[in-house]
Amino acid sequence: MNSAKKFETEFVRHSSKRVRQLKSTFKEIIRRLDGEAVHDFRKATRELQTIVDACGIRRRSRPVTKIIRRLRRSRHALSEWRDSDVLLAELKKARRKARTKQERRCWAEIAERIAKQRRRALKKFCRKYKSLKVKAIGNKAKALVKEKVKSEPMMDNLRRLLERSWNRWTRAIDAFVSKAAAPELHEVRIKTKTLRYAIELSQKFYPDRELETASEWLMGIQDRVGTWHDELMLGRVALETFSETPRDPSAIKVIRDTKEKEIALAESSRNYISSIRKMKDYQRLKRVLAASVYAMTNGRGPRDLEDESITGPIQ
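(A) Structural view of the overall build of the chain. The helix and strand inventory of the chain stands at 12 helices and 0 strands. In the chain, the succession of α and β elements from N to C terminus is α-α-α-α-α-α-α-α-α-α-α-α. Its C-alpha atoms put the chain at 70 × 45 × 30 Å along the principal axes. With 315 residues in all, the chain has 47% of them scored as buried. The long-range share in the chain, meaning contacts at least 24 apart out of those at least 6 apart in sequence, stands at 77%. Only carbon and sulfur atoms are counted for the fraction: they give 49% of the accessible area of the chain, which is about 17,400 Å². For the chain, the distance from the average site of its 78 positive side-chain charges to the average site of its 42 negative ones is 6 Å.

Structure below.
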């Protein structure tokens, strides 16, 4: 079996495995209404979406767009449930640190509000999960991959996916540096995640220890911004909880402390992201990713690529 045929076979096999994971984790959610299964399913949708993105990287056809839209819809159908679980875990920590009975009471009120949101999200999912048609989405994604590997060079598609993910990530960083606002910071988190999933997909076929380390670094950035986002959501719920009643000093303190922590996390993220291009981890990722993109390039002369930039094929 030649290398191209072997790669096609491995790509199809990996895609089929992701589809099976998508279906099995969704069944676990329905069977057990389990929060961990929700996490695993949402991860499976992102992994499969990355594969479909690679298949549609040259031209976003209608079938590709439809599959991606449905994968996102399935993931978003569980967002409020997942967010509630994350916030409830944070609230447990906050209640343990509370110094007075009044503060613990305030945290309990916030926890009850989030628990109600979780119950509503769970009931809504149970009513509508059949409309998500997860099994059909998986089957369509599987068929799409089998069709695309016969007509397009998937190695070159992976290269294009890495390039696009890198460019969108760096643009998100620049946008946040220019305007340090909450939506821009959240976008950095999303684009960091997208780049990490693209790298992890390429790692399945072209393992590289340097890129594996870089993926771990990207996860650290994602977690750093994610911690800020969790605190942002917690602050909003805290404010909403006491918005319709006179606030006693304990409620004021809880809201103030939550906001103060969120601001500190946002400032830390801003300082970190603003200096990210000067970091050794960033420079190493850029070098290794550029070298990988160069090695995966198909259909162009090496001299043409070398003439583009001294830093390689990604900027």
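(B) Just helix 10 (residues 249-274), in detail. For helix 10, spanning 26 residues, the distance from its first C-alpha to its last is 37 Å, which sits close to the expected 38 Å at 1.5 Å a residue. All of the buried residues in helix 10 are S250, A251, V254, I255, T258, E262, A266, S269, Y272 and I273. Looking at the buried side of helix 10, the elements it contacts are helix 5 (101-128), helix 7 (154-178), helix 8 (182-203) and helix 9 (209-241). By the N-cap criterion, in which a side-chain oxygen at the helix start approaches the backbone nitrogen of a residue two or three places on, helix 10 is capped by D248, the distance to S250 being 3.1 Å.

(C) Geometry of the nonpolar core. With 70 residues, the main nonpolar core has F11, I29, W169, W217, I276, L285 and L289 as its most contacted residues. For I29, the residues in contact, after removing those within four places along its chain, are D34, A37, V38, F41, L78, W81 and F125. Within the second largest apolar cluster, 17 residues are counted, among which are L87, A98, M233 and V254.

(D) Main features of the layout of surface pockets. If you add up the space inside the largest pocket, you get close to 1,300 Å³. Along the wall of the largest pocket there are 39 residues; nearest its centre are R42, R46, R189, I190 and K193. Within the residue set of the lining of the largest pocket, elements represented by two or more residues are helix 2 (35-55), helix 3 (62-76), helix 4 (79-97), helix 7, helix 8 and helix 9. Broken down by element, the residue count for the lining of the largest pocket peaks at 9 residues, all from helix 9. Here the residues of the lining of the largest pocket sort into 7 nonpolar, 12 polar and 20 charged.

(E) Up close: the side chain of Q222. Mapped onto the secondary structure, Q222 falls in helix 9. The exposure class of Q222 is buried, given its relative accessible area of 10%.

(F) The pattern of salt bridges, seen in detail. For the structure on display, the rule yields 28 salt bridges. In this structure, the salt-bridge partner of R159 is E163, at a minimum N-O distance of 2.5 Å. Taken together, the residues R159 and E163, both in helix 7 and 4 residues apart, mark about one turn of the helix. Relative accessible area serves as the criterion here: at 11%, R159 is assigned to the buried category. Between E231 and K261 there is a salt bridge; the shortest N-O distance is 3.7 Å. Separated by 30 residues along the polypeptide, E231 in helix 9 and K261 in helix 10 bring together distant segments of the chain.

(G) Quick peek at empty space enclosed by the protein. A complete count under the given rule lists 1 cavity of 30 Å³ or more for this structure. A volume near 40 Å³ is recorded for the largest cavity. Lining of the largest cavity is provided by E210, T213, A214, W217, D281, R284 and L285. Going through the elements one at a time, helix 9 and helix 11 (280-296) are the ones with two or more residues in the lining of the largest cavity. With 4 residues, helix 9 is the single largest residue contributor to the lining of the largest cavity.

Conventions adopted
- Residues numbered from 1 in each chain as written.
- Predicted model: local features only at pLDDT ≥ 70, side-chain atom pairs only at ≥ 80, totals over all residues.
- Heavy atoms only, no water.
- Helix = DSSP H or I, 4+ residues; strand = E, 2+ residues; numbered from the N terminus.
- Buried < 20%, exposed > 50% of the residue type's maximum accessible area, 1.4 Å probe, protein only.
- Contact = heavy atoms within 4.5 Å.
- Areas by Shrake-Rupley, 256 points an atom, 1.4 Å probe, with all protein chains shown as cover.
- Lys, Arg positive; Asp, Glu negative; His and termini not counted.
- Charge placed at Lys NZ, Arg CZ, Asp CG, Glu CD.
- Expected span 1.5 Å × (residues − 1).
- Polar contact = N/O pair within 3.5 Å; in protein donor to acceptor, adjacent residues only side chain to side chain.
- Core = buried A, V, L, I, M, F, W, Y, C linked by side-chain atoms within 4.5 Å.
- 1 Å grid on protein atoms, 1.4 Å probe; cavity = no way out; pocket = protein on both sides within 12 Å on 5 of 7 lines; lining within 4 Å.
- Points joined across faces, edges and corners; volume = space filled by probe spheres on them.
- Nonpolar A, V, L, I, M, F, W, Y, C, P; charged D, E, K, R; others polar.
- Salt bridge = Lys/Arg side-chain N within 4 Å of Asp/Glu carboxyl O.

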